[in-house]
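Residue-level listing of the chains:
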Amino acid sequence: MPCAARSEATSPYWGARAFLWSDTGFVDIHTGFPPGTSHSVATGINAAGVVVGWYDSGASMRAFVRDANGVLSDLPRPPGTPTQALSVSASGLIAGTATTGWQSSAVLWAEGQMRVLGALGNGPGSSGMSVNFRGDVVGASSNGTFVCPCGSYCSWASRGFLYRYGIMFDLN
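Remember, predicted model here, so these are calculated numbers, not experimental data.

What counts and what doesn't
- Residues numbered from 1 in each chain as written.
- Predicted model: local features only at pLDDT ≥ 70, side-chain atom pairs only at ≥ 80, totals over all residues.
- Heavy atoms only, no water.
- Pairing = 2+ DSSP bridges.
- Helix = DSSP H or I, 4+ residues; strand = E, 2+ residues; numbered from the N terminus.
- Axes fitted to C-alpha atoms, helices over the stretch in contact; angles between N-to-C directions.
- pLDDT = per-residue confidence, 0-100.
- Contact = heavy atoms within 4.5 Å.
- Salt bridge = Lys/Arg side-chain N within 4 Å of Asp/Glu carboxyl O.
- Phe/Tyr/Trp six-rings, centres within 6.5 Å; stacked < 30°, edge-to-face > 60°.
- Buried < 20%, exposed > 50% of the residue type's maximum accessible area, 1.4 Å probe, protein only.
- Lys, Arg positive; Asp, Glu negative; His and termini not counted.

**Thoughts on the sheet that holds strand 5 (residues 51-56)**
Pairing between sheet strands relies on hydrogen bonds along the backbone, with the strands arranged either parallel or antiparallel. The antiparallel open sheet is built from four strands, whose spatial order is 4-5-6-7. Strands at the two margins of the open sheet, each flanked by one partner only, are strand 4 (39-45) and strand 7 (72-74). Across the sheet, the mean angle separating the axes of adjacent strands is 30° when strand polarity is ignored. Sheet analysis places strand 5 next to strand 6 (residues 61-66), joined by six bridges and oriented antiparallel. Each bridged residue has a counterpart across the sheet, and for D56 the counterpart in strand 6 is M61.

Laid out in structure tokens, this is it:
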């Protein structure tokens, strides 16, 4: 069973290199990215060996897909928009996140196009964490409530969602 992952240097992502491990051995996916790429992360793989993830070339984060034949491609995005691919389904659909300014949004890549899925209610952002063969996406969406537990790290409170039939359903 193949698996995709990242190796870490001194911080969670800086110096990380996306790789693939399968019955045939180790493949350093990072070597296929543009010169100057500081780090890369493989975040998903399907049974066919299609790998997805993201890399940072210094300009911004770019979502990628590596097909079963080893061909590496950037996923489409609006110019300058940071993107991360997080999951790939058996049918090749890809879920992830795109960020504009300070707002992130769950996205679905299908048939060479990126579709922005939005967020629950008036929440400031969302992220598509996984997708099935039909294109149903699950993830987390901020609900507009800013929380600071015990006066420490502050973040947006999140709620689980299911995106199906063009509608984002609240799972909480």
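**As for the confidence of the model for the protein**
The pLDDT averaged across the protein works out to 84; a share of 83% of its residues lies at or above 70. The lowest-confidence element of the protein is strand 1 (residues 3-7), averaging 49 in pLDDT; the highest-confidence one is strand 8 (residues 83-88), averaging 96. Low pLDDT, under 50, characterises residues 5-11; the predicted model gives this stretch 17 contacts beyond four residues in sequence or across chains.

**Topic: the pattern of salt bridges**
Counting across every chain of the model gives five salt bridges. Ionic pairing is found between R134 and D136, a salt bridge with its closest N-O pair at 3.0 Å.

**Here's the deal with the packing of aromatic side chains**
On inspection of all chains with the given rule, the structure shows three aromatic pairs. Ring centres of F33 and Y55 lie 4.4 Å apart, and the angle between their planes is 25°; on these two criteria the pair is classed as stacked. In this pair, F33 sits in the loop between strand 3 (25-28) and strand 4 while Y55 sits in strand 5, placing the two residues 22 residues apart along the sequence. The buried category is assigned to F33, whose relative accessible area is 8%. Judged by its relative accessible area of 3%, Y55 is buried. Between the aromatic rings of F33 and F64, the centroid separation amounts to 5.0 Å while the plane-to-plane angle is 65°, which identifies the pairing as edge-to-face. Here F64 lies in strand 6 and F33 lies in the loop between strand 3 and strand 4, a separation of 31 residues in the sequence. Clustering of aromatic rings is evident, with ring pairs tying together F33, Y55 and F64.

**Topic: the side chain of D56**
Along the polypeptide, D56 turns up in strand 5. Despite its burial, D56 pairs with no opposite charge, the nearest such side chain being R77 at 8.9 Å.

**Section: the sheet that holds strand 11 (residues 113-118)**
One open sheet holds the four strands; their spatial order is 8-9-10-11, and the pairing between them is antiparallel. One side of each edge strand has no neighbouring strand; the edge strands of this open sheet are strand 8 and strand 11. Sheet twist, expressed as the mean angle between neighbouring strand axes with direction ignored, is 30°. Strand direction decides the pairing type here: strand 9 (residues 94-100) and strand 10 (residues 103-110), joined by seven bridges, are antiparallel. What sits directly across from A98, in strand 10, is S105.

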